[in-house]
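Structure at a glance
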Amino acid sequence: MKITVAGTGYVGLITGVGLASQGHDVTCVDIIKEKVDKINSGITPIHEKDLPELLKKVLERGNFRATLNLKSAVKDSDITFICVGTPSREDGSINLQYVEDVSKGIGEAIKENGKYHIVVVKSTVIPGTTESVVTPILEKYSGKRAGVDFGIAMSPEFLREGKALEDFMHPDRVVIGTSDQKTFETLKDVLAFEQTHVIKTSLKSAEMIKYASNAFLATKISFINEIGNICKKLGIDSYEVAKAVGMDHRISPHFLRSGLGFGGSCLPKDVKALREKAKSIGYEPKLLDSVLEVNQFQREQMVKIAEEKLSNLNGKKIAVLGVAFKAYTDDIREAPAIDIIKMLLEKGANVFAYDSEALENARKIFGDKINYADSPGEALESADICLIVTEWPEFKNLDFSKMKNKIVIDGRNILENRNGIDYVGLCW
Ligand code: UDX
């Protein structure tokens, strides 16, 4: 199949390279020339395991390329995936500007495409968007009718950063929202290239499945954090509790690690967008509000414990170990460390941050307001307190001997050598 992928962010690039690795002829489109040039020369603009090798392979094979020209790519292909970003507005609601812009361009191109072209929305969009925003734009600019002259579908992605290619190649399920059987059959062949569950739904349900999945994952984390906070007050190890709770097959052991909670480009954004949508249609989403509230509380709790330990943070040297929102990524979007560092700075602390991959990104936010250490040891030297924020494996065993006060607050339950220090678990 000839495939166009609009947008070369996380989802677009993984989808494009992944489909090219399956033998399809793929053209990825972006509006940023620098990104297109990078991709064509084999450099991935995102940090993702195995992606550089696979990108090189499909470029060499010649069935993958990037371009700025959306129109010529779509005109010449069978399927177009919309993978552009859907950022949050100030109030948390979804901004559809990029989806609308790209839909217009695709519509104009479909006008000149003689085949039964299929457009698939992969961007995370609020239920109803494909039907009431994307389809009318495509119809207006192509002069054609959806389901008659071209196919329309919505197929959400469930990719985890750091494991995105693995998730793309071996999905737990493939969801295809469409009312058009021909479109469904074609997409089933393209997306379900190995034995997996394929679920055919309406457009709206496919959109909601993505939000419900991410909202549930976020809820599970806030739930275990709340249990963890109660455990801590009762002197109970929440990890011992979670282990036994997770053995119930109805619950499962995943996403039961209590601590600093969730960050990243999806979970916070999607829960907020769903909450705002619910409010806009007259429903008060009490549970979603609480999920976000508990998540924020965990960050504040870490700073509160530090303040209690040192009585005053003003002028104190604080080692912050980990800035990335989780290990094995340099992504700091909505990372707990950002809020924590901001709170520390407000209290006059002298922050020394270290991260295995994300310091460059941290520098873009904090500039010279904080110090950047080249190693955990440098951050810990003469520090009054150490905060472990990200679960990087190198933080499992640390040398605290050069700290001023050997106080360590572990936000991820990762530290193994807890002897000879004042160890404080966030919720255990
Ligand atoms: C998530 C979803 O998993 C994925 O399906 C979706 O497509 C995008 O959002 P990702 O953002 O890569 O993926 O991160 P994930 O591995 O799911 O972790 C999210 C956050 O939750 C991280 O900050 C992580 O540290 C935190 N987390 C996860 C916990 O605090 N406890 C847990 O038990 C699990």
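The structure this text deals with has already been given above.
Scope of this entry: the structure provided in the associated data block. Quantities reported herein were computed from a predicted structural model and do not represent experimental measurements. (Residues numbered from 1 in each chain as written. Predicted model: local features only at pLDDT ≥ 70, side-chain atom pairs only at ≥ 80, totals over all residues. Heavy atoms only, no water.)

Attention shifts here to helix α3 (residues 51-61). The set of residues buried in α3 consists of Leu51, Leu54, Leu55 and Val58. In a view along the axis of α3, the buried residues occupy a sector of 105°, so they form one face of it. Exposed and oriented more than 90 degrees from the buried face of α3 are Glu53 and Glu60. Tucked inside the fold, the buried residues of α3 contact α1 (10-21), α2 (33-40), β3 (64-67) and α7 (164-169). Just downstream of α3, Gly62 is the residue with a positive phi angle, here 90°. (Buried < 20%, exposed > 50% of the residue type's maximum accessible area, 1.4 Å probe, protein only. Helix = DSSP H or I, 4+ residues; strand = E, 2+ residues; numbered from the N terminus. Arc of directions from axis to C-beta. Contact = heavy atoms within 4.5 Å.)

In the vicinity of the ligand, 21 residues are found, and the nearest of them are Leu159, Glu161, Arg257, Phe325 and Lys326. In this structure, an oxygen atom belonging to the ligand sits 3.4 Å away from a side-chain N or O atom of Glu157. Arg412 places a polar side-chain atom, nitrogen or oxygen, 3.5 Å from an oxygen atom of the ligand. When residues of the shell around the ligand are assigned to their parent elements, the largest contribution, 4 residues, is made by helix α9 (residues 203-234). Partitioned by chemical class, the residues of the shell around the ligand number 10 nonpolar, 3 polar and 8 charged. Of the domains in this structure, domain 1 (2-210) and domain 2 (236-428) are the two that each give at least three residues to the shell around the ligand. (Near = heavy atom within 4 Å. Polar contact = N/O pair within 3.5 Å; in protein donor to acceptor, adjacent residues only side chain to side chain. Nonpolar A, V, L, I, M, F, W, Y, C, P; charged D, E, K, R; others polar. Domains from an automatic or database assignment.)

Side-chain alternation along strand β13 (residues 407-410) places Ile407 and Ile409 on one buried face and Val408 and Asp410 on a second face that is also buried. Across 3 bridges, strand β12 (residues 385-388) lies against β13 in parallel orientation. Each bridged residue has a counterpart across the sheet, and for Ile388 the counterpart in β13 is Asp410. Where β13 meets strand β14 (residues 422-425), 4 bridges bridge the pair, whose relative direction is parallel. For Asp410, the partnering residue across the bridge sits in β14 and is Gly425. (Pairing = 2+ DSSP bridges.)

Counting 59 residues, the largest nonpolar core has Leu344, Cys386, Leu387 and Phe400 as the members making the most contacts within it. Here this core gets 6 residues from one element, more than from any other, and that element is helix α13 (residues 336-346). If we ignore the near neighbours within four places in the chain, the residues touching Cys386 are Ala319, Leu321, Leu380, Phe400, Met403, Ile407, Val408 and Ile409. Judged by nonpolar contacts, the second largest core, of 40 residues, contains Val102, Ile110, Ile152 and Leu267. (Core = buried A, V, L, I, M, F, W, Y, C linked by side-chain atoms within 4.5 Å.)

Purely geometric numbers; function is a separate question.
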